Amino acid sequence: MDGKVKRIGVLTSGGDAPGMNAAVRAVVRTAMSRNVECVGIRRGWNGLINSDFLLMNASSVSHTIDRGGTVLYTARSEEFMHPEGRDRALATCKLLGLDGIVAIGGDGTFRGALALARQAEEQGVNLRVVGVPATIDNDIGCSHYTIGFDTACNTAIECIDKLRDTMQSHERCSVVEVMGRRAGYLALYVGISVGATAVLIPEREVDFERDVVDKIRQARLAGSTHYMVVVAEGAGSAIEIGKRIHEEVGIDPRVTVLGHIQRGGSPTARDRETASRMGYEAVIALLDMDGNRIIGTRDGHMLAMDMEEALAMTKQFQMDRYQVLEALSTTGR
Ligand code: F6P
C-alpha cells in the first residue's frame, strides 16, 4: 500500500454475534496505540453508502467488551451488492480519507469488502480491507472459529437444560430448533453438550427412520421416558419434525424454536478473548501487511490470510463429532 495508514474505518455487517463489540473495541484501541485514527461506520455497508459514521476514540468503546449486539448497529445492504452502491461507498471513503476498513461479519460481508477493494483499485483509490469472522453459525470456510459461536452454544444449552427439567417431569419428547441455515455446528455442539437423543444437521441427509424414530426407540428401550431432539434450522422445520414424530412414534412432542435469543447476550470469555485478538490482528494486518486479508484461527493460532484465497476455502465438517454424538445417544439415560 502506498504511504502510511493514517485513518481506518470499522464496521459490523450481516447478522450480529456476541463479541462483535469486543472486536470493535480491539480495532479502535489497537489503532489508537499505533497513532491511527478510527472512524466507526454505522449500520454496516449502508453506513458507508449514506455517510453514517462517528469518530471513535479509546473512551467510545469503554464498557462495551461485555455487551452483546453491536454498538455500531448492523444491516444487510442490498445497495452495496451493486457497483453503483459501492461507488457511493467509495465516495465516502475518499471524503473521510480512509486508508483501510476492518469489516466484522460473515462470508457475505467479506465478499462485499473484496468487491469494494477491487473497485477502489480500478479507480486508483488507496483502500485495503481486512475481514474479522463473526457469526454464531461458525460457517466461515477459512477459520476454525468465528466470534459469537461459543456464546450462542451456551445460550442454547442453558435454554435446553431448562426445557429438559419440564420434559423429564412430564416424560415428554422435546424438539428444539437452533439456528444454522446452512451449517450444523451449533446443533452438533449443543446436541453433544445437552446429551440429545437425536440431532439433525444440514450437512447430513436426514433419514427420519434412522435418525429420529430409531433413536427415540433405542432410548426408550434403554429406559428413557423423555427425549431431546435438536434440529438445525437448515435441516428442517422443528414443527414438521414434531408432527412426524407424533404420526410415526405415537408420542406427543413439544416444539421450541429458540430463534434470535441465540444471537444475544453478554459474550463468553472465549468470545471476548478471540474477538480482542482478532481485532488486534486486523489492525496489524492493515498497517504492516500488503493486500486484503481475513483474520482466521487455525488450531488456536491467528492467521492473516489473503482474502481471495481465504474466501475460496471450505471447512471440512466435523463428522467425528457426529460419531461421538451417535455413540453417546444410543446408551439411553
Ligand atoms: O447470523 C446467522 C443466522 O443466525 C442464521 O443462523 C439464521 O438463519 C440467520 O442468521 C437469521 O438472520 P436474520 O433473521 O437476522 O435474517
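Remember, predicted model here, so these are calculated numbers, not experimental data.

Some words on the pairing of strand β11 (residues 301–306)
- Bridge count between strand β10 (residues 293–298) and β11: 6 bridges; the pairing is antiparallel. Residue Thr 297 lies in a different strand from β11, and its bridge partner there is Met 302.

Regarding the state of the cysteines
- In this structure the tally under the stated criterion is 0 disulfides.
- We note that Cys 38 lacks a disulfide partner, and the nearest cysteine sulfur, in Cys 93, lies 13 Å from it.
- Its relative accessible area of 1% is what places Cys 38 among the buried residues.

A word on the domain arrangement of the protein
- Its domain assignment divides the protein into domain 1 (7–148 + 267–311) and domain 2 (151–264).
- Its C-alpha centre places domain 1 at a distance of 35 Å from the equivalent point of domain 2.
- The partner domain 2 presents 13 residues to the 12 residues of domain 1 that form the contact.
- Taken over both partners, the interface formed by domain 1 and domain 2 buries close to 1000 Å², and the fraction arising from carbon and sulfur atoms is 51%.
- Contact with domain 2 buries area across many residues of domain 1, yet Pro 18, Ile 136 and Asp 137 alone supply 44% of it, more than any other trio.
- The interface formed by domain 1 and domain 2 includes 1 salt bridge.
- Arg 263 is paired through a salt bridge with Asp 16; the nearest N and O atoms lie 2.8 Å apart.
- Run the count over domain 1 and domain 2 and you get 5 residue pairs in polar contact (both at pLDDT 80 or more).
- Its residues assigned to classes, the side of domain 1 that touches domain 2 comprises 3 nonpolar, 4 polar and 5 charged.

Considerations on the sheet that holds strand β9 (residues 254–257)
- The strand order across the open sheet formed by 4 strands is β7-β8-β6-β9, and the pairing between neighbours is parallel. With one partner strand each, in any of the chains shown, β7 (198–200) and β9 form the two edges of the open sheet. With strand direction ignored, the average angle separating the axes of adjacent strands in the sheet is 15 degrees.
- Here strand β6 (residues 173–178) runs beside strand β8 (residues 227–232); their pairing, made up of 6 bridges, is parallel. What sits directly across from Val 175, in β8, is Val 229.

Describing the packing of helix α6 (residues 185–194) against helix α11 (residues 319–329)
- Taken N-terminus to C-terminus, the directions of α6 and α11 make an angle of 30 degrees; their axes are 10 Å apart at the nearest point. Relative to α11, α6 is oriented roughly parallel. Taken as a pair, α6 and α11 cross one another with a handedness that is left-handed. Contacts between α6 and α11 pair Leu 188, Tyr 189, Gly 191 and Ile 192 from the former with Arg 321, Tyr 322 and Leu 325 from the latter.
- The residue inventory of the contact of α6 with α11, partitioned by class, reads 5 nonpolar, 1 polar and 1 charged.

Side note on helix α8 (residues 238–249)
- If you check α8, its first and last C-alpha atoms are 16 Å apart, about what 12 residues at 1.5 Å a residue would give, namely 16 Å.
- Within α8 the residues assigned to the buried category are Ala 238, Ile 241, Gly 242 and Ile 245. All buried residues of α8 lie within an arc of 105 degrees about the axis, which places them on one face of the element.
- Looking at the packing, one finds that the buried side of α8 touches β6, β7, α7 (208–221), β8 and β9.
- Backbone nitrogen of Ile 239 and a side-chain oxygen of the N-cap are separated by 3.2 Å at the start of α8; the cap is Ser 237.

Things to note about the side chain of Arg 263
- In this structure, Arg 263 sits in the loop between β9 and α9 (269–288).
- In contact with Arg 263, not counting residues within four places along its chain, are Gly 15, Asp 16, Pro 18, Arg 76, Ile 136 and Met 179.

About the thresholds
- Residues numbered from 1 in each chain as written.
- Predicted model: local features only at pLDDT ≥ 70, side-chain atom pairs only at ≥ 80, totals over all residues.
- Heavy atoms only, no water.
- Pairing = 2+ DSSP bridges.
- Helix = DSSP H or I, 4+ residues; strand = E, 2+ residues; numbered from the N terminus.
- Disulfide = S-S within 2.5 Å.
- Buried < 20%, exposed > 50% of the residue type's maximum accessible area, 1.4 Å probe, protein only.
- Domains from an automatic or database assignment.
- Contact = heavy atoms within 4.5 Å.
- Buried area = accessible area lost by both parts, 1.4 Å probe.
- Salt bridge = Lys/Arg side-chain N within 4 Å of Asp/Glu carboxyl O.
- Polar contact = N/O pair within 3.5 Å; in protein donor to acceptor, adjacent residues only side chain to side chain.
- Nonpolar A, V, L, I, M, F, W, Y, C, P; charged D, E, K, R; others polar.
- Axes fitted to C-alpha atoms, helices over the stretch in contact; angles between N-to-C directions.
- Parallel < 35°, antiparallel > 145°, perpendicular 65-115°, else oblique.
- Left-handed = near helix turned anticlockwise from the far one by under 90°.
- Expected span 1.5 Å × (residues − 1).
- Arc of directions from axis to C-beta.

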